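Secondary and tertiary structure notes
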Amino acid sequence: MTSSATNTNSPAIALTIAGSEATGGAGAQADLKTFQELGVFGIVNLTCIVSFDPKDNWNHRFVPVDQQVIADQLEATTAAYGPASGAPKVLDTVKIGMLGSPATISTVAQALTDTTFKNVVLDPVLICKGQEPGHALDTDTALKESILPLATFVTPNHFESESLSGMEIKDVEDLKEAARKIHAISGAAVLAKGGVRLGGSDAVDVFFDGTTLEVLSAPKVGEVAVSGAGCSLAAAVAAELAKGATPLEAARTAKAFVTEGIKNRVTSGAPFTALWQGGAAK
Ligand code: PXL
């Protein structure tokens, strides 16, 4: 087969702009495994490298990728698969994970402005454990100001939903109100995650896209958060959107995918478990 031969069955394509988490549970690794499981050709543009520190309570050691290198990755990816690339199947879906610094946020915001993608799924990773608080606050503000308005779908967890909505979330009614508020400020479809943080026997998330409000519920699997659940959920949403699902269908499929991944989670020497993306296929 020559390089110009076209595969008429070519898969949907999705890009994750995310950080590496060295133990493979979260970040770009979780995203790529999720894309693969869901039948999507995955691409990673790396923003940073996180290595947990077992000598310091497993806090995050964070190293940013050089800004020019981030811009280079985005340039290469867009030229090969972007909307103007002439590729038979274009990349129109991007997932955004950990950006980690105001500089990276501005590089990524520029790329998202230069190229219009149909689906921009934002996992608004606000706080990285072990990050210097002043720096984390700058990053959170930059994320809200320059990336949130570009998102078409956002997946805040309990803490991020409180931060983005400016309200305390104690139960599912609060989570519904927060989802409405986050939609109002972003214009995006919102999947606000209660997860294990709200009381009760179910892990409850709320979807709201400006018209439809749906509570997605599944029995809790334990009471402790599993590493990679947030990344995998947003990546699964992106994969489903890339394949043509509606936002609500994508949210439902992603919730089911993550629930199976949590049921089949992986244990290690670290004091947390990691979601297994192969769980749903088992
Ligand atoms: O789960 C959030 C997350 C995202 N991206 C990277 C991470 C983490 C958490 O550890 O390390 C790179």
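Structure: see above.
Each value, and the rule that gives it
Residues numbered from 1 in each chain as written. Predicted model: local features only at pLDDT ≥ 70, side-chain atom pairs only at ≥ 80, totals over all residues. Heavy atoms only, no water. Salt bridge = Lys/Arg side-chain N within 4 Å of Asp/Glu carboxyl O. Buried < 20%, exposed > 50% of the residue type's maximum accessible area, 1.4 Å probe, protein only. Core = buried A, V, L, I, M, F, W, Y, C linked by side-chain atoms within 4.5 Å. Helix = DSSP H or I, 4+ residues; strand = E, 2+ residues; numbered from the N terminus. Axes fitted to C-alpha atoms, helices over the stretch in contact; angles between N-to-C directions. Parallel < 35°, antiparallel > 145°, perpendicular 65-115°, else oblique. Left-handed = near helix turned anticlockwise from the far one by under 90°. Contact = heavy atoms within 4.5 Å.

To continue, consider the pattern of salt bridges. One pass over the structure, following the stated rule, counts 11 salt bridges. For Asp53, the salt bridge goes to Lys55, with nearest N and O atoms at 3.3 Å. According to the relative accessible area criterion, Lys55 is exposed, its value standing at 72%. Glu223 is paired through a salt bridge with Lys220; the nearest N and O atoms lie 3.7 Å apart. Residue classification places Glu223 among the exposed residues on the basis of a relative accessible area of 54%. A relative accessible area of 14% means that Lys220 is categorised as buried. Through salt bridges with shared partners, one network takes in Asp53, Lys55 and Arg61.

In this section: the nonpolar core. Ile96, Leu99, Val108, Leu122 and Ile147 are the most contacted members of the largest nonpolar core, which has 39 residues in total. Of all the elements, helix 3 (residues 102-114) adds the most residues to this core, at five residues. Grouped together as the second largest cluster of nonpolar side chains are 31 residues, Phe153, Ala189, Ala242 and Ala245 included.

Between helix 7 (residues 229-242) and helix 8 (residues 247-263), whose axes approach to 8 Å, the crossing angle comes to 140°. Relative to helix 8, helix 7 is oriented oblique. Both helix 7 and helix 8 take part in a crossing whose hand is right-handed. Residue-level inspection shows Ala229, Ser232, Leu233, Ala236, Val237, Glu240 and Leu241 of helix 7 in contact with helix 8, the latter providing Pro247, Ala250, Ala251, Thr253, Ala254, Lys255, Phe257, Val258 and Ile262.

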